[in-house]
Amino acid sequence: MVGAVEIFPALKSTVLPDLDGSRFELFTSYSKIRVPEGDTYYSTGPYGHFATYSVETRERVRCISAETGVPMSTQWSPIPYYYPIQIAQYGLQHYSRMMVNKSDNEVVVRGLESNEWKGSAAMDESSERIFYHDEEKGDVVNITASGWFFLGCSTGLRLTCNAGCYLFLDPSPRLHVVSFDWLPIENASFTILVKVIQSDLLVLLNYVTTHDPRCVWNDTVSFAGADQVSFSYSLGNLANQWHSVTRDALVDASRALSSMNVSRKKEGNVVLHPGDVKLVSVGFRGMVVVRQRIEQSENAHRKSFLTAA
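Residues numbered from 1 in each chain as written. Predicted model: local features only at pLDDT ≥ 70, side-chain atom pairs only at ≥ 80, totals over all residues. Heavy atoms only, no water.

Asks: Which parts of the structure should I look at to understand the overall build of the chain?
Replies: Of regular secondary structure, the chain possesses 3 helices and 16 strands. The 309 residues of the chain split such that 42% are buried. Of the roughly 17000 Å² that the chain leaves accessible, carbon and sulfur atoms contribute 54%. (Helix = DSSP H or I, 4+ residues; strand = E, 2+ residues; numbered from the N terminus. Buried < 20%, exposed > 50% of the residue type's maximum accessible area, 1.4 Å probe, protein only. Areas by Shrake-Rupley, 256 points an atom, 1.4 Å probe, with all protein chains shown as cover.)

Shown next as structure tokens:
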């Protein structure tokens, strides 16, 4: 990974009088200068003060891409793009947090029992679940859920929404990271349902197997007082093979809600903190195979660092 140092043109210079003008000091950017703590720096330890960074909550970060797992910026363009400095800072942030917070990361597992996997109860919807043991992945569930999901304006498709096959998640607010293995076969998608605790707002985060340059977009026309909003993240055109998914629903919900601020002003940046949301459920649509092990955890620092690196 390259160093995360950003170069700016000099904003002003000050001649040091005791050196007769032979040297000058450059003042760049507007960042506050922090003095490193302690007398010793370890090359394998936290990188500077990056453990205090929060790249995900910056107003110029549109999303953490569901296709690549790294941040996409709108700093210089309304269409999200990859900004190398931002990606480097994101990786160093999570590496530093991983080194600082070495306490055990609590993990709760859902989906081990077949009766945890529910099917849609609607009359015009159907879902089939077949449970079996795979030699490589262990216990898995083969899901066929009729109905498609609305993919957004860019595709021109307005399709039937089916609750599909779903299971309820642990409602503890500290467990906002979801991880699982799945094999998307046809028309595959999954949805994480998030509840904002203070307002009771339900946020549907739909992850669809299509490429969309917006990264995240609003599926519905939202208005003040609405008790539910729906957003989609593009997963890209996935190959029919096993994929490992890790999503921080706290971050995804805040970036989704912020995406409604088309003016890109700082005042419209939504920042959700640990404890602000709880997860309700995760559901699957189309033809998919899912390993019967859905993990919830407090963070994914190691995975985020390795993805950015």
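Asks: I would appreciate a short explanation of helix H3 (residues 301-308) in the present structure.
Replies: Within the sequence span of H3, burial applies to His301, Ser304, Phe305 and Ala308. One face of H3 carries all of its buried residues, which in axial projection span an arc of 100 degrees. Buried-residue contacts for H3 involve helix H1 (84-100). (Arc of directions from axis to C-beta. Contact = heavy atoms within 4.5 Å.)

Asks: Teacher, can you tell me more about the state of the cysteines here?
Replies: The full count for this structure, using the stated rule, is 1 disulfide. Through a disulfide, Cys63 is tied to Cys215; the S-S separation comes to 1.7 Å. Disulfide Cys63-Cys215: the torsion about the S-S bond is 100 degrees, which places it as right-handed. You can see Cys63 sitting in strand S3 (residues 61-64) and its partner Cys215 sitting in the loop between strand S11 (201-208) and strand S12 (216-218), a full 152 residues away along the chain. Considered together, Cys63 and Cys215 belong to a single accessibility category, that of buried residues. (Disulfide = S-S within 2.5 Å.)

Asks: I'm lost on the side chain of Gln86 in this one. Help?
Replies: Tracing the chain through its elements places Gln86 in helix H1. Gln86 sits in the buried class, given a relative accessible area of 2%.

Asks: Help me understand the packing of aromatic side chains, please; the structure alone is not making it clear to me.
Replies: Aromatic rings considered in pairs are described by the distance between their centres and by the relative angle of their planes. Taken as a whole and judged by the stated rule, the model has 14 aromatic pairs. Ring centres of Phe180 and Phe284 lie 5.2 Å apart, and the angle between their planes is 85 degrees; on these two criteria the pair is classed as edge-to-face. Highlighted residues: Phe180 in strand S10 (residues 177-196) and Phe284 in strand S15 (residues 277-291), separated in sequence by 104 residues. The pair formed by Phe180 and Phe284 is uniform in burial state, with each residue classed as buried. Look at Tyr207 and Tyr233: their rings are 5.4 Å apart centre to centre, the planes differ by 15 degrees, and that puts the pair in the stacked class. On the criterion of sequence distance, the pair formed by Tyr207 in strand S11 and Tyr233 in strand S13 (residues 228-234) is long-range, its members being 26 residues apart. Comparing Tyr207 with Tyr233 shows no difference in burial state: the two are buried. Taken together through their ring pairs, the aromatic side chains of Trp117, Phe180, Trp182, Phe190, Tyr207, Tyr233 and Phe284 make up a single cluster. A cation over an aromatic ring shows up here: Arg247 above the ring of Tyr233, its NZ or CZ 5.7 Å from the ring centre. (Phe/Tyr/Trp six-rings, centres within 6.5 Å; stacked < 30°, edge-to-face > 60°. Lys NZ or Arg CZ within 6 Å of the ring centre and 35° of its normal.)

Asks: Teacher, can you tell me more about the pairing of strand S8 (residues 138-145) here?
Replies: Regular strands place their side chains on alternate faces of the sheet. As paired elements, strand S7 (residues 127-134) and S8 share 8 bridges and run antiparallel to each other. Along S8, the bridge assignment pairs Phe131 with Val141. The antiparallel hairpin formed by S7 and S8 contains 3 residues in its connecting segment. Bridging between S8 and S15 involves 6 bridges; their strand directions are antiparallel. Note on S15: the bridge partner recorded for Ala145 is Gly286. (Pairing = 2+ DSSP bridges.)

Asks: In this structure, what is going on with the pattern of salt bridges? I would like to understand it.
Replies: Note that side chains of opposite charge can pair when their charged atoms are close. According to the stated counting rule, one finds 8 salt bridges in the structure shown. Linking Glu106 and Arg174 is a salt bridge whose minimum nitrogen-to-oxygen distance equals 2.7 Å. Of the two residues, Glu106 is situated in the loop between H1 and strand S5 (107-110) and Arg174 in the loop between strand S9 (165-168) and S10; the sequence distance between them amounts to 68 residues. Ionic pairing is found between Asp170 and Arg110, a salt bridge with its closest N-O pair at 3.6 Å. In this pair, Asp170 sits in the loop between S9 and S10 while Arg110 sits in strand S5, placing the two residues 60 residues apart along the sequence. Judged by relative accessible area, which is 24%, Arg110 ranks as partly exposed. Here the salt bridges do not stand alone but share partners, grouping Lys137, Asp181 and Arg291 into one network. (Salt bridge = Lys/Arg side-chain N within 4 Å of Asp/Glu carboxyl O.)

Asks: Sorry if this is basic, but what is going on with the environment of His301 here?
Replies: By the secondary structure assignment, His301 is in helix H3. In the structure, His301 is positioned 206 residues away from Tyr95 in sequence and 6.5 Å away in space, judged by C-alpha atoms. In this structure, His301 is in contact with His94, Arg97 and Met98, ignoring residues within four places of it in sequence.

Asks: Can you walk me through the confidence of the model for the chain in this structure?
Replies: As a note on interpretation, predicted positions should not be read in detail where pLDDT is low. Looking at the chain, the pLDDT average stands at 84 and 75% of residues meet or exceed 70. Here residues 7-16 scores under 50 on pLDDT; set against residues more than four positions off or in separate chains, the count is 24 contacts. For residues 148-160, every residue scores under 50 in pLDDT, and the model assigns this stretch 30 contacts once sequence neighbours within four places are set aside. (pLDDT = per-residue confidence, 0-100.)

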